Amino acid sequence: MTLFYRLFGARRPEQPHRPTADPDRIAVLEHDLLGIQPEPGTPAARVVALAKPVDPARCPHEDVVEVTELGQARPTGLCTRCGADMVADDSGDWQRP
Ligand SMILES: [Zn+2]
């Protein structure tokens, strides 16, 4: 029976490609295009908040990536939220230079 199906078309019907809806992406688009605020606490609200330009003076600089190059005396970093340059102090905490 298996051979029969193999020979005479047990091919599964092709699944039509359906674009999957990403609710977070939709919420971000709603915010950007229509000004609709996403529900607080949802991933979409976080995405919208992160997409806003951040004032370096008010940014907590919590998401710092290290960008130290060879020969630099201190580890240097870059805040991924506001783009501020950061320098590690003696205890390893990121500080604004
Ligand atoms: Zn920052």
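Starting from 1, residues in each chain are numbered consecutively following that chain's sequence as written. Two thresholds apply to this predicted model, a pLDDT of at least 70 for residue-level local features and 80 or more for giving and counting side-chain atom pairs, whereas whole-chain, interface and lining totals are computed over all residues. Excluding hydrogens and water, the side-chain values take into account all heavy atoms of the structure.

## What about the sheet that holds strand β4 (residues 94-95)?
And then number 1: Sheet architecture is open: four strands sit in the order β1-β2-β3-β4, paired in antiparallel fashion. The sheet terminates laterally at β1 (64-66) and β4, the two strands that pair on one side only.
And then number 2: Here a strand pair is declared whenever DSSP counts at least two bridges between the two strands. Here a helix means four or more residues in a row that DSSP labels H or I, a strand means two or more in a row labelled E, and each is numbered from the N terminus. With three bridges joining them, β1 and strand β2 (residues 76-79) adopt antiparallel strand pairing. Along β2, the bridge assignment pairs Val64 with Cys79.

## Digging into the coordination of the zinc ion
And then number 1: As a rule, N, O and S atoms within 2.8 Å of a metal are its donors, except that Na, K and Ca use 3.2 Å; water is not among the atoms, so sites may look incomplete. Only Cys59 (SG), His61 (ND1), Cys79 (SG) and Cys82 (SG) from the protein reach the zinc ion as donors, at distances of 2.1 to 2.4 Å.
And then number 2: A four-donor site is classed as tetrahedral when every donor-metal-donor angle falls between 85 and 135 degrees; four donors are called square planar, and six octahedral, when trans pairs exceed 155 degrees and all remaining angles lie between 65 and 115, with any other arrangement labelled irregular. The coordination sphere of the zinc ion comprises four donor atoms, whose angles at the metal cover 101 to 114°; the geometry is tetrahedral.
And then number 3: Mapped onto the sequence, the residues coordinating the zinc ion show the spacing C-x1-H-x17-C-x2-C. Of this pair, Cys59 sits in the loop between α3 (43-51) and β1 while Cys82 sits in the loop between β2 and β3 (85-88), and the two are 23 residues apart along the sequence.
And then number 4: Judged by relative accessible area, which is 7%, Cys59 ranks as buried. For every residue, the accessible area (1.4 Å probe, protein chains only) is compared with the maximum for its type, and the residue is labelled buried under 20%, exposed over 50%, or partly exposed between those bounds.

## Topic: the domain arrangement of the protein
And then number 1: Segment limits for the domains were obtained from an automatic or database-derived domain assignment. In terms of domains, the protein is made up of domain 1 (21-52) and domain 2 (54-97).
And then number 2: Between the C-alpha centres of domain 1 and domain 2 there is a distance of 28 Å.

## Considering the nonpolar core
And then number 1: Buried Ala, Val, Leu, Ile, Met, Phe, Trp, Tyr and Cys residues form a nonpolar core when they are joined through side-chain atoms within 4.5 Å. If you look at the biggest cluster of nonpolar residues, it comprises six residues: Cys59, Val64, Cys79, Cys82, Ala84 and Met86.
And then number 2: Contacts were defined at the residue level, with two residues in contact if any of their heavy atoms lie within 4.5 Å. When near neighbours in sequence (up to four residues on either side) are disregarded, Cys82 contacts Val54, Pro56, Cys59 and His61.

## Looking at a nonpolar patch on the surface
And then number 1: On the surface, Leu3, Phe4, Tyr5, Leu7 and Phe8 cluster together to form a nonpolar patch covering roughly 580 Å² of accessible area.
And then number 2: Within the secondary structure, Phe4 sits in helix α1 (residues 2-7). Residues enter a patch when their relative accessible area is above 30% and they make no salt bridge; the linking distance is 9 Å between like charges and 5 Å between nonpolar side chains (Val, Leu, Ile, Met, Phe, Trp, Tyr). Here the Shrake-Rupley method, with its probe set to 1.4 Å, supplies the accessible areas, and only the displayed protein chains count as covering residues. By definition here, a salt bridge exists when the distance from a side-chain nitrogen of Lys or Arg to a carboxyl oxygen of Asp or Glu is within 4 Å.

## Examining unusual backbone geometry
And then number 1: With phi around 50°, His61 is a residue other than glycine that occupies positive phi space.
And then number 2: With respect to the helices and strands, the residue His61 is situated in the loop between α3 and β1.

## Some details on the pairing of β3
And then number 1: Covered by surrounding structure in β3 are Met86 and Ala88 only, the residues Asp85 and Val87 on the alternate face being uncovered.
And then number 2: Sheet topology places β2 next to β3; three bridges connect them, and they run antiparallel. Bridge pairing links Leu78 to Asp85 in β3.
And then number 3: Between the antiparallel neighbours β2 and β3 lie five residues, among them Gly83 with a positive phi of about 80°.
And then number 4: Pairing of β3 with β4, which is carried by two bridges, proceeds in the antiparallel orientation. Bridging across to β4, Ala88 finds its partner in Trp94.
And then number 5: Hairpin connection from β3 to β4: five residues lie between these consecutive antiparallel strands, with Gly92 at a positive phi of about 90°.

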